[in-house]
Amino acid sequence: MGVPAVEMQGLERVYRSGRSTVAALAGVTMAVERGEFVAVMGPSGSGKSTLLNIIAGLERPSAGVLRVDGEDLAALDEAALARHRARRVGMVFQAFNLLPRYRVVENVALPLAFAGVEPAARHAKARALLERLGMAARAEHRTNELSGGELQRAAVARALVADPAILLADEPTGNLDSASGATLIGIFEELNAHGQTVLLVTHDAQIAAHAGRIVRMRDGRIAE
Amino acid sequence: MRWADLFAMSLGNYGRARLRSVLTTAGVAIGTALVVLLIALATGAEDNVRRSVFSIGDLRLVTVQPFQPGANGLSAVPRTITDEVVAQLRRIGHVESVFRQFDAPLGTIVEGGDDATIRPQGIEPNAPVDRGDLLAGRHLALGDRAVAVVPGNIARLIAPSVASAIGRRVTMRIGGAVKLGSTRIGGSGTPRDYGITVIGVFDEQASGTSVRIPLDDALAAGADNRGLTPDTIKQSTGYSGIAIEADDSTNVADIVRGVQELGFSSFSLKQVIEQIDQGFGVFRGILAGIGGVALLVAAIGIANTMVMSVLERTREIGIMKAVGASPRDIRALFLAEAAYVGAFGGIVGVALGIAGGQVIERIIRNLNPRTNPGPIFVVGPDLILAAFALAVVVALVAGFLPARRAMRMSALSALRYE
Ligand SMILES: Nc1ncnc2c1ncn2[C@@H]1O[C@H](COP(=O)(O)OP(=O)(O)O)[C@@H](O)[C@H]1O
Ligand SMILES: [Mg+2]
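Since this is a predicted model, take the numbers as computed values, not measurements. (Residues numbered from 1 in each chain as written. Chains lettered and ligands numbered in written order. Predicted model: local features only at pLDDT ≥ 70, side-chain atom pairs only at ≥ 80, totals over all residues. Heavy atoms only, no water.)

A.B. asks: Teacher, can you tell me more about the overall build of chain A here?
C.D. replies: Of the regular secondary structure elements, chain A holds seven helices and ten strands. Since a compact globule built from 224 residues should have a radius of gyration of about 17 Å, the 17 Å found for chain A is in line with a globular shape. Principal-axis analysis of the C-alpha atoms places the extent of chain A at approximately 50 × 45 × 40 Å. Per-residue burial for chain A yields a buried fraction of 53% across its 224 residues. Total accessible area computed for chain A in this model is approximately 9500 Å², and 48% of it derives from carbon and sulfur atoms. Positive and negative side-chain charges in chain A, numbering 25 and 25 respectively, have mean positions lying 4 Å apart. (Helix = DSSP H or I, 4+ residues; strand = E, 2+ residues; numbered from the N terminus. Rg over C-alpha atoms; globule rule 2.2 N^0.38 Å. Buried < 20%, exposed > 50% of the residue type's maximum accessible area, 1.4 Å probe, protein only. Areas by Shrake-Rupley, 256 points an atom, 1.4 Å probe, with all protein chains shown as cover. Lys, Arg positive; Asp, Glu negative; His and termini not counted. Charge placed at Lys NZ, Arg CZ, Asp CG, Glu CD.)

Written out as structure tokens, the structure reads:
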């Protein structure tokens, strides 16, 4: 099978606020193989977002080992971590997090811009992805002209633009109506069918049912 | 991130909060314009003064005075310039020629009446004072005796015209009472008359009382006046001054040093100009400082705007970081935005400064048509470049802390920011 897309051993994340400490992750050991579609489920506050953010390189673990696409994130400095976010992972957020000032195609191409790809090449790549996600007609629009479902598809396109080793999605359907949510999950399935590794956080069992494997979390641990 | 993308992106950011950007830029422009205007004014003034100093005389000239070095006004300690001293002066490096001068006591040209008071200057042929200012006749030449080159006003007192004064024989009375302006002063020593022939008339702009006579005539008259011989006069009184010509004006400082080492005070235009340059350096610095304060205020404006814009764009910064912007990218984005403020403000400011200078100059000339013809404001390419660079640097410095703040923001907390 080769190197897993994500590999975690005893991953911990402790938040300290004043005297009290919260262990958002209290020793997580799991792996996501390449080509897998994994859904993470669990009650609110169980550490799902923290897990995703750490894999995305948005924050660092307090302890444990984390390898993404074979690379140990602990060894990366801030600049290398930024490259990791630009190229190795793609993140989709519940809140879309697109830049309202830029056109859709520019938003989608943004990770490649930070990765130093020249405009013609990155916009071509962005357009191709938008086309694949049924968003070709929206490429030149501003984000405030898009519906929620369209925004999230644009966000998925952005997450995929740099051909990441893994697509991370934190409650991507949380702000969508059920029809748009269904479309989006269909897209995830389709992407996975073409070999894209997906790690999806949701508390919706119906959404999770589309995944190949479901991992449950509770109090910062994997609950078997 | 590529430079082109960086600048395109930050230009977009600059243009987003348009009114705020325009106001901040205007602040920089005003500061820059002030710097340009004030330095141009200082440069213009310095140029004017230098021009008029240059027009006074020869920069190669060093005048040796019969005083100890450091002489100024009342504290001057006399020293005698004897022939030995003259010989030593000739041996100083870079000295091309040495001209002795002996001033005889005050006197009058008798035919000119009461107003023809003169200061007889005994000089050698081709002395720097006796060059290129003739209205008629000729300068002193080698072997001349009992002749004089007189100023235009004296010539007109003794003859109907400047030209007809040439060749006249007149009586020069040395010593005795003379009238200087409206005051009458008693003569020194024994008055004596000498018959002299006017051979030249010079433009009295330089001096209306100096009469140039051969050095030996002056020495003889000075000796007669005090009942001495020319040789004893040379030893006891010494020469009134020595004019030294340097081989090149750049060597004047060396000669001045040599003269000082011999124990004599000296004067040179070259040194005056150096002092003027120094003085204007200070003047220019003060004016630039005033302009700089305006720029400082503008810088505070930039910093304030940038802090606000970092706050407003917190979420955007979070998103950019989340999709791969490095801390350096974020800092560069904000610094580039500040650089735009500086660059636009700098360009507008330089243009404003130049235009403002021209407008002010026109107004001044309209109010006073007899203003010195030299330009009042002088803006050279170095000033333009320096002012522009200053505006950009000031903006970058002002943007540095806000940019660093943006750079250090945590991506996650920025994403949660509303
Ligand atoms: N920045 C933070 N500071 C303090 N506590 C935090 C922070 N982020 C998350 N937590 C805590 O960590 C726990 C896990 O949070 P999270 O990963 O967001 O859970 P989930 O996504 O499963 O709802 C929660 O108790 C939350 O309050
Ligand atoms: Mg969550």
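A.B. asks: Looking at this structure, I do not really get the interface of chain B and chain A. What am I missing?
C.D. replies: By a frequent convention, interface size equals the accessible area lost on bringing the separate parts together. In this complex, chain B contributes 22 residues to the contact, which on the side of chain A involves 25 residues. Around 2000 Å² of area is buried between chain B and chain A when both sides are counted, 65% of it from carbon and sulfur atoms. Between the two partners, chain B and chain A, sit two salt bridges. Taking the shortest distance from any N to any O, the salt bridge between E316(B) and R101(A) comes out at 3.5 Å. (Contact = heavy atoms within 4.5 Å. Buried area = accessible area lost by both parts, 1.4 Å probe. Salt bridge = Lys/Arg side-chain N within 4 Å of Asp/Glu carboxyl O.)

A.B. asks: Quick question: what am I supposed to make of the sheet that holds strand β3 (residues 37–41) of chain A here?
C.D. replies: Working definition: the strands of a sheet are paired by backbone hydrogen bonds and lie parallel or antiparallel to each other. All names here are of chain A. If you walk across this open sheet you meet the six strands as β6-β7-β8-β3-β9-β10, and the pairing is mixed. On the outer flanks of this sheet lie β6 (89–92) and β10 (221–223), each paired with one strand and no other. Averaged over all adjacent pairs, the angle separating strand axes in this sheet is 25 degrees, with direction ignored. Each of β6 and β7 (166–170) touches helix α2 (residues 78–88); the most contacted strand, β6, lies at about 75 degrees to it. Strands in contact with helix α5 (residues 148–160) are β6 and β7; relative to β6, the strand with the most contacts, it is inclined by about 165 degrees. (Pairing = 2+ DSSP bridges. Axes fitted to C-alpha atoms, helices over the stretch in contact; angles between N-to-C directions.)

A.B. asks: Honestly, unusual backbone geometry in this entry has me stumped. Any pointers?
C.D. replies: Both trends apply: most residues other than glycine have a negative phi, and most peptide bonds are in trans. Positive phi outside glycine occurs at E171(A), with the angle close to 45 degrees. Structurally, the position occupied by E171(A) is in the loop between β7 and α6 (178–193). One non-glycine residue, N126(B), adopts positive backbone phi at about 65 degrees. Examined against the element boundaries, N126(B) turns out to sit in the loop between β4 (117–123) and β5 (134–137).

A.B. asks: What is the right way to read the pairing of strand β7 (residues 169–174) of chain B from this model?
C.D. replies: In summary, the side chains of a regular strand alternate between the two faces of the sheet. Residues and elements named next belong to chain B. Side chains V170, M172 and I174 of β7 all project onto a buried face; the interleaved residues R169, T171 and R173 project onto a face where none is buried. The pairing of strand β3 (residues 107–109) with β7 spans three bridges and is classified as antiparallel. For I109, the partnering residue across the bridge sits in β7 and is M172. Sheet topology note: the β7/strand β10 (residues 192–202) ladder contains six bridges and is antiparallel. Considered in β10, the bridge of T171 is made with G195.

A.B. asks: Is there a simple way to explain the layout of surface pockets in this structure?
C.D. replies: The probe, sized like a water molecule, is rolled over the atoms to show the empty space still left. Estimated volume of the second largest pocket: approximately 540 Å³. As for the second largest pocket, its lining consists of 26 residues, and the residues nearest its centre are S49(A), N53(A), Q94(A), D170(A) and R416(B). Elements represented by at least two residues in the lining of the second largest pocket include exactly α1 (48–55) of chain A together with α13 (411–416) of chain B. Top element by residues in the lining of the second largest pocket is α1(A). It accounts for four residues. Residue classes in the lining of the second largest pocket are distributed as seven nonpolar, twelve polar and seven charged. (1 Å grid on protein atoms, 1.4 Å probe; cavity = no way out; pocket = protein on both sides within 12 Å on 5 of 7 lines; lining within 4 Å. Points joined across faces, edges and corners; volume = space filled by probe spheres on them. Nonpolar A, V, L, I, M, F, W, Y, C, P; charged D, E, K, R; others polar.)

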